Amino acid sequence: MPNTPDPRPRTYLRYVALGDSQTEGVGDGDDTVGLRGWADRLAEQLAAADPAVQYANLAVRGRLAGQVRAEQLGPALALRPDLATVVAGVNDLLRPSFDPVAVAGELEAMFAALTEAGAQVATVTFPDIGRIVSLARPLRPRVLELNDRIRAAAARHGVAVAETALPEASTDPRMWSTDRLHASPLGHQRIADAVADALGLAGSDDSWTRGLPPQAVPGGLRATAAELRWAGAFLGPWLARRIRGRSSGDGRTARRPALLPVAAAG
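Below or above, wherever it landed, is the structure these notes cover. (Residues numbered from 1 in each chain as written. Predicted model: local features only at pLDDT ≥ 70, side-chain atom pairs only at ≥ 80, totals over all residues. Heavy atoms only, no water.)

1. Some details on the overall build of the chain
This is how the line gets drawn: We count a stretch as a helix when DSSP gives it H or I for four or more residues in a row; a strand needs E for two or more, and each element gets its number in order from the N terminus. Between buried and exposed lies partly exposed: a residue is buried under 20% and exposed over 50% of the maximum accessible area for its type, with that area taken using a 1.4 Å probe on protein chains only. For this analysis, residues touch if any pair of their heavy atoms sits within 4.5 Å. Methods summary: accessible areas were calculated by the Shrake-Rupley approach with a probe of 1.4 Å, and residue burial reflects only the protein chains presented.
Broken down by element type, the chain carries 8 helices and 8 strands. Per-residue burial over the chain gives 47% buried out of 266 residues. Excluding contacts between residues fewer than 6 apart, the proportion of contacts in the chain whose partners are at least 24 apart in sequence is 78%. Accessible surface, the chain: about 12,500 Å² in total, of which carbon and sulfur atoms supply 57%.

2. Let's talk about the packing of helix 3 (residues 65-78) against helix 5 (residues 100-116)
Two packed helices can be described by the angle between their axes and the distance between those axes. Heads up, the condition is: Axes, fitted as lines to C-alpha atoms, cover a helix only where it is in contact. Angles between the N-to-C directions of the axes lie from 0 to 180 degrees. The labels follow the angle: roughly parallel below 35 degrees, roughly antiparallel above 145, roughly perpendicular from 65 to 115, and oblique for the rest. Polar here means any residue other than Ala, Val, Leu, Ile, Met, Phe, Trp, Tyr, Cys and Pro, which are nonpolar, and Asp, Glu, Lys and Arg, which are charged; Gly is therefore polar.
Contact pair helix 3 / helix 5: the axes reach a minimum separation of 9 Å and the direction vectors enclose 10°. Considering their axes alone, helix 3 and helix 5 lie roughly parallel with respect to each other. Across the interface between the two elements, A65, G66, V68, R69, L73, A76 and L77 of helix 3 pack against V103, E106, A109, M110, A113 and L114 of helix 5. Across the contact of helix 3 with helix 5, the residue classes tally to 10 nonpolar, 1 polar and 2 charged.

3. Focus: the packing of aromatic side chains
Two aromatic rings, taken as a pair, are described by how far apart their centres are and by the angle between their planes. Rule in force here: Paired rings are identified among Phe, Tyr and Trp, the last through its six-membered ring, by centres lying within 6.5 Å, and are further divided according to the angle between planes into stacked (under 30 degrees), edge-to-face (over 60) and tilted (the rest).
The final tally for this structure, using the stated rule, is 1 aromatic pair. Between the aromatic rings of Y15 and Y55, the centroid separation amounts to 5.2 Å while the plane-to-plane angle is 20°, which identifies the pairing as stacked. With a gap of 40 residues between them, Y15 in strand 1 (residues 14-19) and Y55 in strand 4 (residues 54-57) connect regions that are remote in the sequence. Both residues of the pair, Y15 and Y55, belong to the buried class.

4. Description of the side chain of D82
We count it as follows: Within 3.5 Å is the distance limit for a polar contact, defined as a pair of N or O atoms, with the added protein rule that one can donate a hydrogen and the other accept it, and that residues adjacent in sequence qualify only through two side-chain atoms.
Note on placement: D82 falls in the loop between helix 3 and strand 5 (83-87). There is a polar contact of 2.9 Å between the side chain of D82 and the backbone nitrogen of R14. Ignoring sequence-local partners within four residues, the contact set of D82 consists of R10, T11, Y12, L13, R14, Y15, G118, A119 and Q120.

5. A few points about the side chain of H188
With respect to the element layout, H188 can be found in helix 7 (residues 185-199). Setting aside its immediate chain neighbours within four residues, H188 contacts Q22, G25, V26, G27, D28, G37, W38, R41 and A183.

6. Some words on the environment of A49
The residue A49 is located in helix 2 (residues 37-49) in this model. The class for A49 is exposed, based on a relative accessible area of 65%.

Here you go:
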């Protein structure tokens, strides 16, 4: 069973987000107009209850779980958060060398350090990416194992788990950006709502689990053409970076490294 926090709504004033591209906000806005993302959206929900909330986002795209721990945990602890979110591991499971025990160990180390410092920690489970990207179907066992290990580690440290892996709607194409690896604005809002629900924030509910209205799905040649376009636009460049040992996050730093009022988000 997923871990659930104290059912009484709690007030958080210092929220720090750790993670990779999803937490950075990729897919919700862009580098020209600015990113928003689910962590920003969660911070906005917190600020709606108390305008004194401050928020920092240390996430950087492309980071592996071990890199998140090495680069972001220390700065996060220095900010003395009363709420922290830790979401990482997808970049690891996409790699041939994926080690679920090691990845879960990195996440648990962050859970332990942050909870021991007095923060309420929240995390998520991951949808079956094989239902989003057909070429990723062989990765389904990795996703399931990582989710099970996240749940177990979270239970040991009182970490709230947003079960974004479970609703059918989580793999609806409308929840995902055109690259199929990052949530769309709608998907980011659903993640924020899921985390708020897991934390028992005032005004949160389970509406994030509900499906979207039916939509026609292209088939036949149209579907094949869409797959080819996606492979050329996104899969090819991703593979090229892997071959060269590069990352989309090379040279990047956190876009919001200090605690600031939520009105300054983005």
